[in-house]
Amino acid sequence: MDPSNNTEEESFSVSQEDDLNGLPSLPSGLSHTEAVELLWQVRAQRRQVSPVLPDTVTQLQAEDGSVVYLVGTAHFSDSSKSDVAATIRAVQPDVVVVELCQYRVSMLKMDEKTLLREAKDINLEKIQQAVRQVRGTGRQKD
């Protein structure tokens, strides 16, 4: 089967070797739509009803019933990384959104060679420029 020509009507199956990181094997002959629906159901079953979340998490409820879990973090903090990972595991969210300052966004856009060069050439002036940029957005420092 040519992956570029998949349609919803075509069947989808996963062999035992394609375990998909611990997900149950999918029955053979499912359409793509049925397979996606089944995987969504498995994910929904793994969600904890009343998850115990880190103290850094604030739960917000929208009028339509949607729930947003806002995780307060500090850059380069191991405990923040653990809090985010624990929240994602417990909540099994449909979407994960990450807020980054413009300085960090620009780092994500760099190719590896440029990023390594910039890391080697880090100096006080560049650090001060990054701090001024964050302060200029009206945000408090991380």
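Residues numbered from 1 in each chain as written. Predicted model: local features only at pLDDT ≥ 70, side-chain atom pairs only at ≥ 80, totals over all residues. Heavy atoms only, no water.

**Student:** Explain the pattern of salt bridges to me, please; I cannot follow it from the model alone.
**Tutor:** When charged atoms on two side chains of opposite charge get close, those side chains can pair. Tallying each qualifying case throughout the model produces two salt bridges. Among the ionic pairs, Asp-94 bridges to Arg-43, the shortest N-O distance being 3.1 Å. Residue Asp-94 is found in the loop between α2 (78-91) and α3 (102-108), and its partner Arg-43 is found in helix α1 (residues 32-46); the two are separated by 51 residues along the sequence. Residue Asp-94 is classed as partly exposed on the basis of its relative accessible area of 49%. With a shortest N-O distance of 3.6 Å, Asp-78 and Lys-81 are connected by a salt bridge. (Salt bridge = Lys/Arg side-chain N within 4 Å of Asp/Glu carboxyl O. Helix = DSSP H or I, 4+ residues; strand = E, 2+ residues; numbered from the N terminus. Buried < 20%, exposed > 50% of the residue type's maximum accessible area, 1.4 Å probe, protein only.)

**Student:** It is not clear to me how α2 should be interpreted in this structure. Could you clarify?
**Tutor:** Helical geometry: 3.6 residues make up each α-helical turn, so side chains three or four residues apart lie on a common side. For α2, with 14 residues, the first-to-last C-alpha span of 20 Å sits near the 20 Å given by 1.5 Å per residue. Among the residues of α2, Ser-80, Asp-83, Thr-87, Ala-90 and Val-91 are the ones counted as buried. For α2, the buried positions fall inside an angular range of 100 degrees around the axis, keeping them on one side. In α2, the exposed residues that point more than 90 degrees away from the buried face are Asp-78, Lys-81 and Arg-89. (Expected span 1.5 Å × (residues − 1). Arc of directions from axis to C-beta.)

**Student:** Looking at this structure, how should I read a nonpolar patch on the surface?
**Tutor:** Nonpolar side chains collect at one region of the surface, where Val-84, Ile-88, Val-96 and Val-98 lie side by side and expose about 320 Å² of accessible area between them. Among the structural elements, Val-98 can be located in the loop between α2 and α3. (Patch = residues over 30% accessible without salt bridge, like charges linked within 9 Å, V, L, I, M, F, W, Y side chains within 5 Å. Areas by Shrake-Rupley, 256 points an atom, 1.4 Å probe, with all protein chains shown as cover.)

**Student:** Honestly, the side chain of Ser-80 in this entry has me stumped. Any pointers?
**Tutor:** You can see Ser-80 is positioned in helix α2. The class of Ser-80 is buried, set by a relative accessible area of 8%. Setting aside chain neighbours within four positions, we find Ser-80 in contact with Gly-72, Thr-73 and Ala-74. (Contact = heavy atoms within 4.5 Å.)

**Student:** I would appreciate a short explanation of the environment of Glu-118 in the present structure.
**Tutor:** Inspection of the secondary structure assignment puts Glu-118 in helix α4 (residues 112-120). Residue Glu-118 is classed as partly exposed on the basis of its relative accessible area, which comes to 27%. In contact with Glu-118, not counting residues within four places along its chain, are Met-110 and Lys-126.

**Student:** Quick question: what am I supposed to make of the confidence of the model for the chain here?
**Tutor:** Low-confidence regions, as indicated by low pLDDT, have predicted coordinates that should not be scrutinised in detail. Counting all residues, the mean pLDDT for the chain is 77, and 77% of those residues have values of 70 or more. The lowest-confidence element of the chain is strand β1 (residues 11-12), averaging 43 in pLDDT; the highest-confidence one is strand β3 (residues 57-61), averaging 93. Long-range and interchain partners of residues 1-19, a stretch whose pLDDT sits below 50, account for 28 contacts in this model, where long-range means more than four residues apart. (pLDDT = per-residue confidence, 0-100.)

**Student:** I would appreciate a short explanation of the pairing of strand β4 (residues 67-71) in the present structure.
**Tutor:** The side chains of a regular strand alternate, residue by residue, between the two faces of the sheet. The pairing of β3 with β4 spans five bridges and is classified as antiparallel. Each bridged residue has a counterpart across the sheet, and for Thr-58 the counterpart in β4 is Leu-70. Between the end of β3 and the start of β4, which pair antiparallel, lie five residues, with Gly-65 showing a positive phi angle near 95 degrees. (Pairing = 2+ DSSP bridges.)

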